[in-house]
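Spelled out, the chains give:
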Number of protein chains: 2
Amino acid sequence: MDQTALFSLTYGMYILGTEFDGKINACIVNTVSQVTQEPVRVSVNVIKNNYTAELINKSKKFSVSVLSRNASLDTVMNFGYSSGRDRNKFENMSYDTDVQGCPIIRTGCNAVISCKVFETIDLGTHYMFIADVVDCEKTNNDDSMTYGDYRDIKAGKQIDSKSEEKKEMYECSICHYIYDGETSFDELPDDYVCPVCGQPKSVFYKI
Amino acid sequence: MDQTALFSLTYGMYILGTEFDGKINACIVNTVSQVTQEPVRVSVNVIKNNYTAELINKSKKFSVSVLSRNASLDTVMNFGYSSGRDRNKFENMSYDTDVQGCPIIRTGCNAVISCKVFETIDLGTHYMFIADVVDCEKTNNDDSMTYGDYRDIKAGKQIDSKSEEKKEMYECSICHYIYDGETSFDELPDDYVCPVCGQPKSVFYKI
């Protein structure tokens, strides 16, 4: 069993923030996924002895700031390389607070998501928080940072955000099927259903 | 609340396979994450009425074949754009079976992972399967396909795998901290611990 195979799994890079009893903290995580569309829920996986996880267990709320490819290495290192038990990570960092009072970062991030914990799953070394999305905002169109990008940045490579125009496409929010037929999506009949999961036209989003 | 913010979340692209009572099937998913290191467990999220999900609920086992950037669009479409209820997706597709009898794909994939379901979480529209990794294999060093790559490929862009040499780095398998200090990792003292999560040197992997 060659566990390096697990390094082929693709992750993004996120700043996970929370607030409890006036104390704010944040850390870097890489396992944020949308898990259902109705209701809109996400999951995130955090090591148990992480201070942010400890605070989320009390506050039952968190924010996700999605790091973009042009985020500075300093931002990642500030939130990822030390514990909020030892220092205030927000001391020299510009931030806002979301509708729940959790810290959100806009500089170097392309979206912010506010989440209320619905269920906590004890995974032994980690907690998985499954949470309702109570608010979210797309802050710019920069590409998201992947874990692969992060490794490249760490190794000194220059990462440019993609600038080319992307073709207009529609995606099924349930099963992620992408419609790219000859007929424009708007002109499809009202009774069009997703060919994969059978959901109606109304669940499609323009991407 | 602008739900397009959720499109900023980064995903990989995977072929999820299973076998039950002699019937094999597979589909495309994008939410595979490693959730713990001890034991080695992953999670995957699948829409409930998907035929593969139905079979996994009976078989309690699945395989993950990690799509690489050079996978053909035909491979993705074969597994992603129709239901195994209607056709045999493996009819014209080269595949092997893993230690559990689940189908695995090597062409266009860079790793294969065999998983035994430990817990199934009912998320309403989706099931989340949390599973022990019982076997895994890194099949080549091609880059993994991200969902963003897939959209680019769909839009007709040429995607080249990265060919540059990457700097040798060591990563903490628990919290994903990356060591890149001046001292070579091998030469660090035996009592070195991860500065983020405090785990010992032995949990680090070369990446």
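As named in an unreviewed UniProt entry, chain A is Flavin reductase, taken from Inconstantimicrobium porci.

Participant: Teacher, can you tell me more about helix H3 (residues 147-154) of chain A here?
Facilitator: For an α-helix, the turn length of 3.6 residues means that residues three or four places apart are oriented alike. Burial analysis of H3 of chain A places seven of its eight residues in the buried class, the great majority of the element. Buried within H3 of chain A we find Tyr147, Asp149, Tyr150, Arg151, Asp152, Ile153 and Lys154 of chain A. Close packing links the buried residues of H3 of chain A with helix H2 (73-80) of chain A together with strand E10 (170-172) and strand E11 (178-179) of chain B.

Participant: In this structure, what is going on with the sheet that holds strand E4 (residues 41-47) of chain A? I would like to understand it.
Facilitator: Two orientations exist for strands paired in a sheet by backbone hydrogen bonds: parallel and antiparallel. Residues and elements named next belong to chain A. Overall, antiparallel pairing links the seven strands, which are arranged E2-E1-E5-E8-E9-E4-E3 in an open sheet. Each having just a single partner strand, strand E2 (23-29) and strand E3 (33-36) make up the two edges of the open sheet. Shown here is a sheet whose adjacent strand axes are inclined to one another by a mean of 35 degrees, direction ignored. Here strand E1 (residues 14-20) pairs with E2 via seven bridges, running antiparallel. Residue pairing across strands places Ile15 opposite Ile28, the latter belonging to E2. Set on the sheet, helix H1 (residues 51-59) makes contact with E1, E2, E4, strand E5 (61-67), strand E8 (109-122) and strand E9 (126-138); between it and E1 the angle comes to about 50 degrees.

Participant: How do you make sense of the confidence of the model for chain A when you look at a structure like this?
Facilitator: Per-residue pLDDT for chain A averages 88, and the proportion of residues at 70 or more is 94%. The secondary structure element of chain A with the lowest average pLDDT is strand E11 (residues 178-179) of chain A, at 82, and the one with the highest is E5 of chain A, at 97.

Participant: I would appreciate a short explanation of the domain arrangement of chain A in the present structure.
Facilitator: Reports often express the size of an interface as the amount of accessible area lost when the parts come together. Taken as a whole, chain A is organised into domain 1 (12-154) and domain 2 (170-206). Look at where the C-alpha atoms of domain 1 of chain A and domain 2 of chain A centre, and you get two points 31 Å apart.

Participant: I would appreciate a short explanation of the pairing of E4 of chain A in the present structure.
Facilitator: All names here are of chain A. When you tally the buried positions in E4, you get seven out of seven residues, the bulk of the element. Taking every second residue as pointing to the same face, both faces of E4 are buried, with Arg41, Ser43, Asn45 and Ile47 on one and Val42, Val44 and Val46 on the other. Pairing of E3 with E4, which is carried by three bridges, proceeds in the antiparallel orientation. Of the residues in E4, the one forming a bridge with Gln34 is Val42.

Participant: I keep staring at the pattern of salt bridges and nothing clicks. Help me out?
Facilitator: When charged atoms on two side chains of opposite charge get close, those side chains can pair. The final tally for this structure, using the stated rule, is 18 salt bridges over all chains. Of the charged contacts in the structure, one is a salt bridge between Arg151 of chain B and Glu171 of chain A, with a shortest N-O distance of 2.6 Å. Pair noted here: Arg151 of chain B is in helix H3 (residues 147-154) and Glu171 of chain A is in strand E10 (residues 170-172), and the two residues belong to different chains. The two residues Arg151 of chain B and Glu171 of chain A agree in class, both being buried. Residue Arg85 of chain B is joined to Glu54 of chain B by a salt bridge in which the shortest nitrogen-to-oxygen separation is 2.5 Å. Of this pair, Arg85 of chain B sits in the loop between helix H2 (73-80) and strand E6 (96-97) while Glu54 of chain B sits in helix H1 (residues 51-59), and the two are 31 residues apart along the sequence. Taken together, the salt bridges that share partners define one network made up of Glu54, Lys58 and Arg85 of chain A.

Participant: In this structure, what is going on with the sheet that holds E10 of chain B? I would like to understand it.
Facilitator: Residue and element names in this part refer to chain B. Pairing is antiparallel in the open sheet, where three strands are placed in the order E11-E10-E12. The open sheet has two edge strands with one neighbour each: E11 and strand E12 (204-206). Here E10 runs beside E11; their pairing, made up of two bridges, is antiparallel. Note that in E11 the partner of Glu171 across the bridge is Ile178.

Participant: For this particular structure, what's the right way to read the interface of chain A and chain B?
Facilitator: Counting residues at the interface gives 73 residues for chain A, matched by 74 residues for chain B. For the pairing of chain A and chain B, the buried interface totals around 6,500 Å² over both sides, and the portion due to carbon and sulfur atoms is 61%. Looking at the side of chain A facing chain B, the largest losses of area belong to Met1, Leu6 and Thr10 of chain A, adding up to 9% of the total buried there. At the junction of chain A and chain B, the tally comes to two salt bridges. Our enumeration of links across chain A and chain B arrives at 24 residue pairs in polar contact (both at pLDDT 80 or more). Listed by contribution, the elements that provide at least two residues to the side of chain A that touches chain B are E3, E4, E8, E9, H3 and strand E12 (204-206) of chain A. The element contributing the most residues to the side of chain A that touches chain B is E9 of chain A, with nine residues.

Participant: For this particular structure, what's the right way to read empty space enclosed by the protein?
Facilitator: To find leftover empty space, one rolls a probe the size of a water molecule over the atoms. One pass over the structure, following the stated rule, counts four cavities of 30 Å³ or more. Approximately 80 Å³ is the volume found for the largest cavity. Considering the residues around the largest cavity, the lining is formed by 14 residues, among which Ser33 and Ser43 of chain A together with Ser33, Ser43 and Met128 of chain B are closest to the centre. Put simply, the parts of the chain that give the lining of the largest cavity at least two residues each are E3 and E4 of chain A together with strand E3 (33-36) and strand E4 (41-47) of chain B. Taken together, the residues that form the lining of the largest cavity break down as six nonpolar, eight polar and no charged. Of the voids in this model, the second largest cavity is the one considered here, and its volume is about 60 Å³.

Reading the values: the criteria
Residues numbered from 1 in each chain as written. Chains lettered and ligands numbered in written order. Predicted model: local features only at pLDDT ≥ 70, side-chain atom pairs only at ≥ 80, totals over all residues. Heavy atoms only, no water. Buried < 20%, exposed > 50% of the residue type's maximum accessible area, 1.4 Å probe, protein only. Helix = DSSP H or I, 4+ residues; strand = E, 2+ residues; numbered from the N terminus. Contact = heavy atoms within 4.5 Å. Pairing = 2+ DSSP bridges. Axes fitted to C-alpha atoms, helices over the stretch in contact; angles between N-to-C directions. pLDDT = per-residue confidence, 0-100. Domains from an automatic or database assignment. Salt bridge = Lys/Arg side-chain N within 4 Å of Asp/Glu carboxyl O. Buried area = accessible area lost by both parts, 1.4 Å probe. Polar contact = N/O pair within 3.5 Å; in protein donor to acceptor, adjacent residues only side chain to side chain. 1 Å grid on protein atoms, 1.4 Å probe; cavity = no way out; pocket = protein on both sides within 12 Å on 5 of 7 lines; lining within 4 Å. Points joined across faces, edges and corners; volume = space filled by probe spheres on them. Nonpolar A, V, L, I, M, F, W, Y, C, P; charged D, E, K, R; others polar.

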